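Structural description and commentary
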There are 2 protein chains.
Amino acid sequence: MAKNFLQNPSKLSTTECSKSLLPVQDALYVLSGKWKIPIIIALIHGNKRFKELHREITGITAKMLSKELKELEVNTLVTRTVYDTIPVSVEYELTTYGTTLNDVIMALRDWGLKHRQKIKEKK
Amino acid sequence: MAKNFLQNPSKLSTTECSKSLLPVQDALYVLSGKWKIPIIIALIHGNKRFKELHREITGITAKMLSKELKELEVNTLVTRTVYDTIPVSVEYELTTYGTTLNDVIMALRDWGLKHRQKIKEKK
DNA sequence: GTAACCGATATACCAAAGGATACCGATATA
DNA sequence: TATATCGGTATCCTTTGGTATATCGGTTAC
């Protein structure tokens, strides 16, 4: 039932269609901003400390990195662990819930690749 | 090779991972802004005229509707057809290319639904 | 003693996104 | 004559997103 959504669009009522609107917007909101995807991708191959992320993600400022990490933490996509070293070290890790974004990211990547190709052809 | 991307993250180099960054950002850019998804979803069950979209998409201003439709047109997701009626009627249609976004939208919707559920549970 | 590292925060600023409102010419309706 | 419809555009304004730069306290290395 819900599985057929968007696959036989002509059969769907406006109300049925609008049911997908909010979830899609929720998902986009979680990924919104210039740096969330770069951060998530950076964390995919392993935990990272603040400075490591800062070095790895070119162009990001410490303020934005801190802010975006907080938002990812609020959405339980990332965990923040403080270690009692000297000086203190803080490790960021993608949660298992965070890895459930893989399908979304892969769908976006696949479409993005096709789109790049299409834009190239037009020129 | 590329298919395994994000499925066995620990095996991937930074350069391999960063290959997905640009396509994902491209895709998100195409969907960016407050109104693109509502417009696309509105067009999924059939062609619509400007005023129909304006009425159907609650909250949007004519300025934003016009602007977002132009961007969708530039990306060949939507076509604009002017009919020589009186007064003139303009029809917007999702292209077949536009419908290739279905996988992306469904992935976003599925994740968004799970996320809503998860947020609810926390409370 | 002074410079650097760590994980940030504070302040100031700027540009882009989006909203509110008014208006357009052509036509139809009251 | 006045008002409404259609598909927008023009102008102004506010909000948000993002940048730049300086600074913090505690510690270590030079």
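Located above this text is the structure these notes cover.
This section reports on the structure supplied with the text. (Residues numbered from 1 in each chain as written. Chains lettered and ligands numbered in written order. Predicted model: local features only at pLDDT ≥ 70, side-chain atom pairs only at ≥ 80, totals over all residues. Heavy atoms only, no water.)

1. Here we look at the sheet that holds strand S1 (residues 48-49) of chain A
Residue and element names in this part refer to chain A. Where we set the bar: In this scheme, strands are said to pair when DSSP sees at least two bridges between them. Counting from the N terminus, the helices are the DSSP runs of H or I reaching at least four residues and the strands are the DSSP runs of E reaching at least two.
Read across the sheet, 3 strands follow the order S1-S3-S2 without closing on themselves; strand pairing throughout is antiparallel. Each having just a single partner strand, S1 and strand S2 (78-83) make up the two edges of the open sheet. Relative to strand S3 (residues 89-94), S1 runs antiparallel, the two being bridged by 2 bridges. Bridge pairing links Lys48 to Tyr92 in S3.

2. Considering the nonpolar core
Stated formally: Nonpolar cores were defined as sets of buried Ala, Val, Leu, Ile, Met, Phe, Trp, Tyr and Cys residues, with membership established by side-chain atoms within 4.5 Å. Each residue gets one of three labels from its accessible area relative to the maximum for its type: buried under 20%, exposed over 50%, partly exposed in between, using a 1.4 Å probe on protein chains only. The split of the chain into domains comes from an automatic or database domain assignment. Residue contacts are counted whenever heavy atoms from the two residues lie within 4.5 Å of one another.
Core analysis: the biggest nonpolar cluster contains 64 residues, and A:Ile39 and B:Ile39 have the highest contact counts within it. Counting contributing residues per domain, this core is built from domain 1 (1-30) and domain 2 (35-122) of chain B, each supplying no fewer than three. Beyond its immediate sequence surroundings of up to four residues, B:Ile39 is in contact with B:Ile57, B:Ile60, B:Leu65, B:Glu68, B:Leu69 and B:Leu72.

3. Side note on the relation of the copies chain B and chain A
Defined as follows: When the copies are superposed, the least-squares fit draws on C-alpha atoms of residues that have pLDDT of at least 70 in both.
Mapping chain B onto chain A calls for a screw motion: a turn of 180 degrees about the axis and a shift of 0.0 Å along it, with 0.1 Å RMSD after fitting. The two molecules are tied by a two-fold rotation axis, judged by turn and shift. The overlap is high: 100% of the interface residues of chain B also sit at the interface in chain A, so the same surface is used on both sides.

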